[in-house]
Amino acid sequence: DLTVTDADAPADVMPALGDDHALPGLDWGERRAATRTIAGADFALPVPFGAFLRLRTRAGAATALVSDWFDDGPWLAGAALEWSWHTPFGDAVVGGAAATNGERRFELQLGAAF
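Keep in mind the model is a prediction, meaning the values are calculated, not measured.

Colleague: With reference to specific residues and values, describe the overall build of the protein chain.
Modeller: Each helix and strand counted, the protein chain has zero helices and six strands in total. Overall size of the protein chain, expressed as C-alpha extent along the three principal axes, is 50 × 25 × 20 Å. Counting over 114 residues, the protein chain shows a buried share of 37%. Taking as baseline every contact in the protein chain between residues at least 6 positions apart, the subset at least 24 positions apart corresponds to 41%. Accessible surface, the protein chain as shown: approximately 6900 Å² in total, 64% of it carbon and sulfur. Across the protein chain, 8 positive and 16 negative side-chain charges occur, with their mean positions spaced 7 Å apart.

Pasting the structure below:
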């Protein structure tokens, strides 16, 4: 994922590493800046009752300028280990997430994310 906005854009338009739980372990809206890049991989293993054990890994940076990605310090990594299953009302997810800045989260999602 790569997002770049103008530095003068309104704050609610600027992307954040925490938006949409893009980087596991961060709060929604955390690390907001004019540029954001995120890369990662997901691994899932089917378990009983139609559920999946899922590992999500991500690395990303949010900075004022794209050139700042190459400086020391803007990059964070995060991982989430989750139990997920599909329901008629949307996905149900229970798990934990952590980021390299020391933040930890317990996550519980019931139904569709909106």
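Having seen it, we continue.
Colleague: Talk me through the pattern of salt bridges; I want residue IDs and the actual numbers.
Modeller: With the rule as written, the count across this model stands at seven salt bridges. For Asp27, the salt bridge goes to Arg105, with nearest N and O atoms at 2.5 Å. Of this pair, Asp27 sits in the loop between strand S1 (2–4) and strand S2 (35–47) while Arg105 sits in strand S6 (residues 104–110), placing them 78 residues apart in sequence. Relative accessible area serves as the criterion here: at 38%, Asp27 is assigned to the partly exposed category. With a closest N to O distance of 3.3 Å, Glu82 and Arg56 form a salt bridge. Within this pair, whereas Glu82 is found in strand S4 (residues 75–87), its partner Arg56 is found in strand S3 (residues 51–63), the two being separated by 26 residues in sequence. Per residue, the accessibility class of Glu82 equals that of Arg56, and both read buried. Ionic contacts of the salt-bridge type, sharing partners, join the residues Asp27, Arg105 and Glu107 into one network.

Colleague: Tell me about the sheet that holds S2, and please be specific about residues and values.
Modeller: The antiparallel open sheet is built from six strands, whose spatial order is S1-S2-S3-S4-S5-S6. Each end of this open sheet is capped by a strand with a single partner; those strands are S1 and S6. Strand-to-strand twist across the sheet, computed as the mean angle between neighbouring axes with direction ignored, equals 20°. Two strands pair when backbone bridges link them, and S3 and S4 are joined in this way by eleven bridges, in the antiparallel orientation.

Colleague: I'd like to hear about the packing of aromatic side chains, residue by residue, with values.
Modeller: Scanning the entire structure with this criterion turns up one aromatic pair. When the centroid spacing of 4.3 Å and the interplanar angle of 40° are considered together, the rings of Trp83 and Trp85 count as tilted. Look at Trp85 and you get partly exposed, because its relative accessible area is 24%.

Colleague: Before we move on, could you go through the pairing of S4 and cite the residues and values that matter?
Modeller: As paired elements, S4 and strand S5 (residues 90–99) share ten bridges and run antiparallel to each other. By the bridge assignment, Glu82 is partnered in S5 with Gly95. The turn joining S4 and S5, which pair antiparallel and follow one another in sequence, is formed by two residues.

Colleague: Got a sec to walk through the environment of Val93? Specific residues and values, please.
Modeller: With respect to the element layout, Val93 can be found in strand S5. Assessed through its relative accessible area of 6%, Val93 is described here as buried. Each C-alpha atom of the pair Val93 and Glu107 lies 7.4 Å from the other, and the pair is 14 residues apart in sequence. Each residue touching Val93, except ones within four places of it in the same chain, is listed here: Arg54, Glu82, Trp83, Ser84, Glu107, Leu108 and Gln109.

Definitions and limits used
- Think of each chain on its own: its residues are numbered from 1, step by step along the sequence as written.
- Given that this is a predicted model, residues contribute local features only at a pLDDT of at least 70 and side-chain atom pairs are listed and counted only at 80 or more, while totals for whole chains, interfaces and linings are drawn from all residues.
- Note that water and hydrogens are dropped before the side-chain values are worked out from all heavy atoms of the structure.
- Only runs of H or I of at least four residues qualify as helices and only runs of E of at least two qualify as strands under DSSP, and these elements are numbered from the N terminus.
- Summary of the burial criterion: residues with accessible area below 20% of their type's maximum are buried, those above 50% are exposed, and those between are partly exposed, where the area comes from a 1.4 Å probe applied to protein chains only.
- The contact criterion used is simple: two residues touch if any of their non-hydrogen atoms lie within 4.5 Å.
- For the area figures, the Shrake-Rupley method with a 1.4 Å probe applies, and any residue is considered shielded solely by the protein chains shown.
- A residue counts as positive if it is Lys or Arg and as negative if it is Asp or Glu; His and the chain ends are not included.
- By convention, charge coordinates are those of NZ in Lys, CZ in Arg, CG in Asp, or CD in Glu.
- The rule for a salt bridge is simple: a side-chain nitrogen of Lys or Arg has to be within 4 Å of a carboxyl oxygen of Asp or Glu.
- In this scheme, strands are said to pair when DSSP sees at least two bridges between them.
- Fitted lines through C-alpha atoms give the axes, limited to the stretch in contact for helices. The angle between two N-to-C directions lies from 0 to 180 degrees.
- Each Phe, Tyr or Trp ring (for Trp, its six-membered ring) is paired with any other whose centre lies within 6.5 Å, and the angle between the two planes then decides the class: stacked below 30 degrees, edge-to-face above 60, tilted in between.

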